[in-house]
Amino acid sequence: MVPGQNRLEQIQQFVVTAEQMRAIEGRVFAAGMPVAALMEKVAGLITRRVQALYPLSSHQKVGVLVGPGHNGGDALVVARELHLQGYAVVVYRPFSKLKELTQQHAQYAESLGIALVDQIEALQSCDWLIDGLFGFGLERSLSDSIAEVVNQINQWSVPVVSIDLPSGLHTDTGAVLGTAIRATQTLCLGLWKLGLLQDNALEYVGTAELIDFGLPLANIEAVLTNSPRIHRITPQTAIANLPLPRSATSHKYKMGHLLAICGSRRYTGGAILTALGARASGVGMLSVAVPESIKPLLSAQLPEALIIDCPETSSGAIAQLPESVELNSYNAIACGPGLTMDASAVVERVIASDRPLVLDADALNVLAQAGTIPTLTQRQAPTVLTPHLGEFKRLFPAIAEEMTNRAIAVREAAQQTGAVVLLKGARVAIANPTGTVWINPASTPALARGGSGDVLTGLIGGLLAQDVLQSAPVEAAVQTGVWWHAEAGILAAQERTELGVDAFTLTQYLMPALRSHLH
């Protein structure tokens, strides 16, 4: 935890599986918290939030979908409270058999005059809907009749608020179990569920937010202590990992020296974008090794960097590093973007060094082709691998073949290699060799552009070069770089639309994005 964090900031970092959530709630109930009292508390918080989202003045008629379990009970309490506030409430109850507490709430709702119906068409005229069909723990595909209902709702142009998870999503993998509600908002209860942070769930989750109903931190820690941790990256943790503030006596040799080895005659942009990402990190000194024919282009773009011209192959790739380049004189090395496979000898030399490494793009392809992934465990210095899904499959075919959960897959890859592994995607997942996983909860499809990954490699490399001097954990630089990169993309997309964020433009938003969080 970051010193000085308040309770909500701490809670926002935890990510749990269905099994872990059951265990945490089990401890709460065993300690004496009545289930009925907790349901009332949770539903009260949900009610206040949905009233703010959908005020009575403009969204008077609300339909409530009620499932057989306690998720349905939560929904019925919300329905009751909205009814008492003056909303016109219609409850859709497709199940005849309900859990005892849920049944009691259904009986009381009916006594209040709330309409309880078993035909979904009765909700079509509603201004908005609340989805309380299924909460966490769903593992089976929806029945045919419920699947038809869900598909029908998805065809309506009606906002839907899902309680905990959109009905039909697997809690851990985010997989769609036949079909699932496409929510407008998801109000996740208590702790973040892993499924909400999986790429394949994002089309169904809508805008997600956490409803903190007061789970004791001691109970959370007791359950998670003996389990591999999964964390959300938050702005507070990312900023806390930045090399800020700087000492008043800082100078360039105290702020790290990064060597970026990247680019070729064919992919000059890879070198430029990597270097621009590194420059934004604030690294004290930046050296960029490129084929000699493109040195003038790099010098023009980066007048402050030391551009190292390297002998090149006939194809315009780096043939070798000059003898004057002593790898052990750098605090970190970022290698790969734009190299092409013709630079494999350079990649092999870098991997054999004793420097902290960030390996991306063609450096990863060289690793995969040579089958040298196992040699990473023998490295004496930290290694960071930054594959996208295609590169991940080439590097870890056995893991990828059975991959249903990105968090587990990246954890296995990190443990297998002894490296910090960053799996790119809509929700970037990071793991260290001890099994801890971090997921960045926000990004933008605007980053789905060639070159944006090169910027990330440079940014992480520059942060790593600085962190090495401060003896900070390697994963700190990776988390911060991922968060910062995503925030720059989000800000750029807000100003330029998702179509207007090319990789070079992205580099121009790195500092504004960071500044917006520092003030």
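Asker: Where do I start with the overall build of the chain in this structure?
Answerer: Across its full length, the chain holds 20 helices and 19 strands. Over its C-alpha trace the chain gives a radius of gyration of 26 Å, about what one expects of a compact globule, namely 24 Å for 519 residues. Overall size of the chain, expressed as C-alpha extent along the three principal axes, is 85 × 45 × 45 Å. Counting every position in the chain, which comprises 519 residues, the buried fraction comes to 57%.

Asker: Got a minute to help me understand the sheet that holds strand β5 (residues 128-132) in this structure?
Answerer: Adjacent strands of a sheet form backbone hydrogen bonds with each other and so pair up, either parallel or antiparallel. In spatial order, the strands read β4-β3-β2-β5-β6-β7-β9; together these seven strands make up an open sheet with parallel pairing. Two strands lie at the open edges of the sheet, namely β4 (115-117) and β9 (207-211), each paired on one side alone. The average angle at which neighbouring strand axes cross in this sheet is 20°, direction not considered. Across three bridges, the pairing between strand β3 (residues 88-92) and β4 is parallel. Bridge assignment links V90 to a residue of β4, and that residue is A115.

Asker: What should I look at first to understand the sheet that holds strand β10 (residues 230-232) in this one?
Answerer: If you walk across this open sheet you meet the 10 strands as β10-β19-β18-β17-β16-β15-β14-β11-β12-β13, and the pairing is mixed. Each edge of the open sheet is held by one strand with a lone partner, namely β10 and β13 (306-310). Across the sheet, the axes of successive neighbouring strands diverge by a mean angle of 15°, strand direction being ignored. Where strand β11 (residues 257-261) lies against strand β12 (residues 285-291), five bridges are found, and the strand directions are parallel. Note on β12: the bridge partner recorded for A260 is V288.

Asker: It is not clear to me how the pattern of salt bridges should be interpreted in this structure. Could you clarify?
Answerer: Taken as a whole, this structure holds 13 salt bridges when the rule is applied. Taking the shortest distance from any N to any O, the salt bridge between D309 and K295 comes out at 3.8 Å. With D309 in strand β13 and K295 in helix α11 (residues 295-301), this pair connects stretches of sequence that are 14 residues apart. With relative accessibility at 35%, the residue D309 sits in the partly exposed group. Here K295 falls in the partly exposed class, since its relative accessible area comes to 29%. Put simply, D354 and R355 hold a salt bridge, and the shortest N to O gap is 3.2 Å.

Asker: Honestly, the pairing of strand β17 (residues 420-423) in this entry has me stumped. Any pointers?
Answerer: Consecutive residues of a regular strand have side chains that alternate between opposite faces of the sheet. Residues V420 and L422 of β17 are buried on one face, and the alternating residues V421 and L423, pointing to the opposite face, are buried as well. The sheet contact formed by β17 and strand β18 (residues 429-431) spans three bridges and is antiparallel. Paired with L423 across the bridge in β18 is A429. From the end of β17 to the start of β18, which pair antiparallel, there are five residues.

Asker: Looking at this structure, I do not really get the nonpolar core. What am I missing?
Answerer: Nonpolar side chains in soluble globular proteins tend to be buried together. Judged by nonpolar contacts, the single largest core of 101 residues is most densely connected at I261 and L385. Listed in part, the 57 residues of the second largest apolar core include L258, L447, V478 and V501.

Asker: Mind showing me how you'd approach unusual backbone geometry here?
Answerer: Peptide bonds are mostly trans, and most non-glycine residues show a negative phi. That bond from L244 to P245 is cis: its omega, -10°, falls within 30 degrees of zero. By secondary structure assignment, the location of P245 is in the loop between α9 (235-240) and β11. Here T340, not a glycine, exhibits a phi torsion of approximately 75°, which is positive. The residue T340 is located in the loop between β14 (332-335) and α12 (344-351) in this model. The backbone of T497 sits at a positive phi, close to 75°, despite the residue not being glycine. Relative to the assigned elements, T497 resides in the loop between α18 (474-496) and α19 (503-508).

Asker: Can you help me understand the packing of helix α10 (residues 268-280) against helix α17 (residues 452-469) in this one?
Answerer: In a packed pair of helices, the relevant descriptors are the angle between the two axes and the axis-to-axis distance. Contact pair α10 / α17: the axes reach a minimum separation of 6 Å and the direction vectors enclose 40°. Judged by the angle between their axes, α10 and α17 are oblique. The hand of the α10/α17 crossing is right-handed. Seen from α10, the contacting residues are G270, L273, T274, G277, A278 and A280; seen from α17, they are D454, V455, T457, G458 and L459. Class assignment for the residues of the contact of α10 with α17 results in five nonpolar, five polar and one charged.

Asker: Looking at this model, I keep getting lost on the packing of aromatic side chains. Mind explaining?
Answerer: Applying the stated criterion to the full structure yields four aromatic pairs. Measuring from centroid to centroid gives 4.7 Å for Y54 and W128, while their planes differ by 15°, and the two rings are stacked. Residue Y54 is found in the loop between α3 (35-53) and β2 (61-66), and its partner W128 is found in strand β5; the two are separated by 74 residues along the sequence. Of the two residues, Y54 and W128, both sit in the buried class. Ring geometry for Y87 against W128: centres 6.1 Å apart, planes inclined by 75°, an arrangement best described as edge-to-face. With a gap of 41 residues between them, Y87 in the loop between α4 (70-84) and β3 and W128 in strand β5 connect regions that are remote in the sequence. With relative accessibility at 4%, the residue Y87 sits in the buried group. For W128, a relative accessible area of 0% corresponds to the buried category. One aromatic cluster is present, formed by Y54, Y87 and W128 through successive ring pairs.

The rules behind these values
Residues numbered from 1 in each chain as written. Predicted model: local features only at pLDDT ≥ 70, side-chain atom pairs only at ≥ 80, totals over all residues. Heavy atoms only, no water. Helix = DSSP H or I, 4+ residues; strand = E, 2+ residues; numbered from the N terminus. Rg over C-alpha atoms; globule rule 2.2 N^0.38 Å. Buried < 20%, exposed > 50% of the residue type's maximum accessible area, 1.4 Å probe, protein only. Pairing = 2+ DSSP bridges. Axes fitted to C-alpha atoms, helices over the stretch in contact; angles between N-to-C directions. Salt bridge = Lys/Arg side-chain N within 4 Å of Asp/Glu carboxyl O. Core = buried A, V, L, I, M, F, W, Y, C linked by side-chain atoms within 4.5 Å. Parallel < 35°, antiparallel > 145°, perpendicular 65-115°, else oblique. Left-handed = near helix turned anticlockwise from the far one by under 90°. Contact = heavy atoms within 4.5 Å. Nonpolar A, V, L, I, M, F, W, Y, C, P; charged D, E, K, R; others polar. Phe/Tyr/Trp six-rings, centres within 6.5 Å; stacked < 30°, edge-to-face > 60°.

Fair warning: the whole summary comes from geometry, so function is off the table for now.
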